[in-house]
Each structure stands twice: as C-alpha cells, then as structure tokens.
Amino acid sequence: MSGLSYWERTYGDHFFDILIVGAGIVGLNAALSCRERYPGARIGVLDKGMLSVGASTKNAGFACFGSPSELLEDLKNHTESEVVALVAKRYQGILALRAKLKDEQIDFEPNGSYEVFQSTQKSEFQACAEKIDYLNRLLCPVFEQDVFELKPLYFGMQSVLSEGIFHRLEGQLNPVKMMLGLKQLSLAKQIEIVSNYEVKTFGLQDEQVEVKGSKTLYCSQLLIATNGFSSSLLSERAIDILPARAQVLITKPIKGLSLKGTFHLDKGYYYFRNIDNRILLGGGRNCDFGTETTDRLELNIKIQNRLDQLLTELFGLSEEDVEYRWAGIMGTGRQKTPIVASLNKNIHYGIRLGGMGVALGTELGADLAQCVNL
Ligand SMILES: Cc1cc2nc3c(=O)[nH]c(=O)nc-3n(C[C@H](O)[C@H](O)[C@H](O)COP(=O)(O)OP(=O)(O)OC[C@H]3O[C@@H](n4cnc5c(N)ncnc54)[C@H](O)[C@@H]3O)c2cc1C
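Conventions adopted
Residues numbered from 1 in each chain as written. Predicted model: local features only at pLDDT ≥ 70, side-chain atom pairs only at ≥ 80, totals over all residues. Heavy atoms only, no water. Pairing = 2+ DSSP bridges. Helix = DSSP H or I, 4+ residues; strand = E, 2+ residues; numbered from the N terminus. Phe/Tyr/Trp six-rings, centres within 6.5 Å; stacked < 30°, edge-to-face > 60°. Buried < 20%, exposed > 50% of the residue type's maximum accessible area, 1.4 Å probe, protein only. Near = heavy atom within 4 Å. Polar contact = N/O pair within 3.5 Å; in protein donor to acceptor, adjacent residues only side chain to side chain. Areas by Shrake-Rupley, 256 points an atom, 1.4 Å probe, with all protein chains shown as cover. Salt bridge = Lys/Arg side-chain N within 4 Å of Asp/Glu carboxyl O. Domains from an automatic or database assignment. Buried area = accessible area lost by both parts, 1.4 Å probe. Nonpolar A, V, L, I, M, F, W, Y, C, P; charged D, E, K, R; others polar.

Here we come to the pairing of strand β9 (residues 201–205). Taken together, the 5 bridges between β9 and strand β10 (residues 208–212) define a ladder with antiparallel strand orientation. Residue pairing for β10: Gly203 is matched across the bridge by Glu210. Counting the residues that bridge the hairpin from β9 to β10 gives 2 residues, and of these Asp206 lies at a positive phi of roughly 50°.

Below, the structure is given as structure tokens:
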C-alpha cells in the first residue's frame, strides 16, 4: 500500500518511468541518454543540492587522461590493457562531451598539459622521461599519435626542473558552464530536475521502486549516480567504493600570470592551472588519506597548509595571496575503473569515477542508461 489517494495515484506527479539519483555529470548524461532511448518516458533527476554538491561543479576543470607518473603508477596495479582501456574511456568521454556542448559554451581550451617535477624529484623525472616512448607506443591505439614529449617550461615557476612532459591532447574547461549546459539540454528535453531532494532509502515493491525522501516517489527504473556519496546509499551491498575528499585553493588575480595549459605534479596528487588570471591549486590527499576518506565537505587544515607551502615553493606566493578555498567529494576504490552494474532488473548504478570524472562522466552516463529496460 502506497498510502496515496486514488487521485494522487492516477493523476499525481509521484510516478516516473525513470528516476535518477544525482544531478552530476553522470546523472544528467544518463538522463539525456535515457531520453534518446525512450522519447515518451517521464524522466526525473533528484539531487540533495541545487545542481551538484559533489564533484561536478567543484572540480579543477582538467580534461585529462593520465600523466606519465600516474600512468606508470597505475601500471603497477593494473594490466596494460586495463590502463589503455581506461585512458580510451577518458579520451572518448571528452570527445563525447564536446560533441554535446560547444567548446565556447564550456570554455574548452585545447592548450595541452605538463607534468612538472620539483628540483628534488630528478630521479622521478628521469624515470618518467625514459618511459615516454613506451607510453606513446602503449597509448597509440587510443590517440593515434605520439602525445607525450619533453618540453621546456617557461611559466615563471620556481624550484621546478626546466623541462616537463607535455601531453598535446589534454585541455581545460569550466565545470560549472559544463553542468549548466547539461542542465539546459536536460530541461529542453523535458527531463525534470528536482533539487533539494535527498533520497534516504529505496526498495523494490510490486515491480516498482519506492524512493523515500521528503516525499515518496515511485519509478519503474532507478539509476544511482551518487559517486562519492554512494557508500551510505548503497551501504548494504559491499561495493568497492569509498568517498575521497579533495581540497582546492584559488589565489587573488595575479598580474602577468603566464601559466597556460594544465599542470600535474607527483603522480596526479597535485594539479594547478590558470583561471581568470588566478592560480587554482589542488590535491594533497596523499598527506592525510585517513581523514580524507569522508563525504563531509569541510576543509582539512593540514592539506591546506601543504597547498600553501606548494604555492610558495612553485610561485613564491603566500597564504595572503589566497582568496578562496573549497573541498569536493570524489568516489574511489581499489580499482580505478568505474562501475556500472545492476542491483536487480529495476535498480542500477554508475559510480567510482576517481579523479578524472570530467573525462569519464559523459560515457559512463550513457553506459548507465543502457541498463534501463522499460
Ligand atoms: C576538487 C576536485 C577536483 C577535481 N578535478 C577534476 C578534474 O580536473 N578533471 C576531472 O576529470 N575530474 C576531476 N575531479 C573528479 C570529477 O569531478 C568527478 O569524478 C565527477 O564530477 C563525478 O561526477 P558524478 O556525477 O559521478 O558525481 P557528483 O558530481 O559528485 O554528483 C553526485 C550527485 O549525487 C548527489 N547525491 C548524493 N547522494 C544523494 C542522495 N542520497 N540523494 C540525492 N542526491 C544525492 C550529490 O548531491 C551530487 O550532486 C575532481 C573532483 C574534485 C572533488
């Protein structure tokens, strides 16, 4: 018994064909793909925040596929073919995103990226530089060209080696413009986005999924796209996913800032770029993995101090030059590959995007939509 009146049950707005939990890059792309498959279906997207409160509007906007030191690290725990498949998913994901939203709309700039090494990291640099040919060959099936090369660094950085490893196909974008673009597309296709609705529980009842939040909703198919928040929602299912908080700072505008492109450091644990003539610098989870395994959106002072220190080492700037700081929540596991799977024939999930979900999200949303069977 749903407890609904005849009127509510027959004419009310509680029933959806497809409901998606999470209005991040995965959720909205899943909704758009569902619309393509089912033009007449009633599709809703629920989010506990206004648009996304997880990572999709809080990330650094790198359109990236893996820096040399990060790929070499991944190759210690994954096979070559797993790493190549993951890089291919990231690359295809960015191409799919750019096919959906125009470059001007999301400020996409194909400026390439650099992996930089601090003066203290000469041996790490050597180890990566020696593997450039190997990585180019390994990834040739994905990019159909050599993407990595050594390049001098001219960006006024201090205490870094004079050469970095350039990736010619990486780029950058504005994540909020990306999400607003996906939202506009969704609304234009009669996808209903319900903000400030937190799903507390869900369950299968008489071939329908009952979703409980501020009011009870029903759907035939439920898609869960809650990434870093999934361990609480899917807690009984022993899925290999944990929340991973990430810290970021942004400086005041800096006159004559010449940074162009995106920059990776230390196996992808740190990253920085120019946005509106300010430096965005993030990362440092490796300083405090334990505390950062959380979905609470709070700053971690220890990591913010480390970011301040790096800002001084790389750019000679201090805490006073920082204007703003924030944290976001990612979803990670022992493996880096994202998961698309079903709990049963009505409930499916697409999660675990790690630190490159901007690249993976479009395709993962489409894969999740493929689970739907109306
Ligand atoms: C600081 C930071 C920097 C990053 N930088 C980059 C980068 O430069 N490049 C890159 O490729 N990736 C980056 N990432 C990772 C990338 O942003 C994520 O992998 C990606 O956005 C995940 O998208 P998603 O849709 O799966 O999850 P999210 O965007 O987190 O969306 C999940 C949504 O689910 C909602 N939700 C959760 N639980 C519930 C519930 N019970 N009821 C209702 N709604 C719920 C949340 O409110 C959230 O909006 C970064 C992440 C962070 C945090």
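Next, the rest of the story.
Further remarks concern the packing of aromatic side chains. The tally for this structure, following the rule as stated, stands at 14 aromatic pairs. Aromatic side chains Phe65 and Tyr91 sit 5.4 Å apart centroid to centroid with 85° between the ring planes, which places their arrangement in the edge-to-face category. Taken together, the residues Phe65 in the loop between β3 (62–63) and α3 (68–77) and Tyr91 in helix α4 (residues 80–100) connect sequence positions 26 residues apart. Each member of the pair, Phe65 as well as Tyr91, carries the same accessibility label: buried. Where Phe263 meets Phe272, the ring centres are 5.0 Å apart and the plane angle is 5°; that geometry is what we call stacked. Taken as a pair, Phe263 and Phe272 share a single burial class, namely buried.

Lining the immediate surroundings of the ligand are 39 residues, of which Asp47, Val53, Ser56, Phe62 and Val199 lie closest. The contact in question runs from an oxygen atom of the ligand to an N or O atom on the backbone of Val26, over 3.1 Å. Gly355 places a main-chain nitrogen or oxygen 3.0 Å from a nitrogen atom of the ligand. Relative to its unbound accessible area of 1000 Å², the ligand is 98% covered by the protein chains. Residue assignment for the shell around the ligand shows that the elements contributing at least two residues are α2 (25–37), β12 (242–251), β16 (322–332) and α11 (357–369).

Time to look at the pattern of salt bridges. Opposite charge on two side chains makes pairing possible when the charged atoms of those side chains draw close. A complete count under the given rule lists 19 salt bridges for this structure. A salt bridge links Glu298 to Arg296, with the shortest nitrogen-to-oxygen separation between them at 2.8 Å. Judged by its relative accessible area of 37%, Glu298 falls in the partly exposed class. Under the relative-accessibility criterion, Arg296 is labelled partly exposed at 49%. Counted as one network, the salt bridges with shared partners bring together Glu70, Asp74 and Lys336.

Right, let's talk about the domain arrangement of the protein chain for a bit. For the protein chain, the domain assignment lists domain 1 (12–57 + 176–240 + 338–369) and domain 2 (242–332). Its largest share of buried area at the contact with domain 2, domain 1 owes to Gly228, Phe229 and Gly354, together 43% of the area lost on that side. Inspection of the region where domain 1 meets domain 2 yields 0 salt bridges. Run the count over domain 1 and domain 2 and you get 2 residue pairs in polar contact (both at pLDDT 80 or more). Here the side of domain 1 that touches domain 2 is composed, by residue class, of 4 nonpolar, 7 polar and 2 charged.

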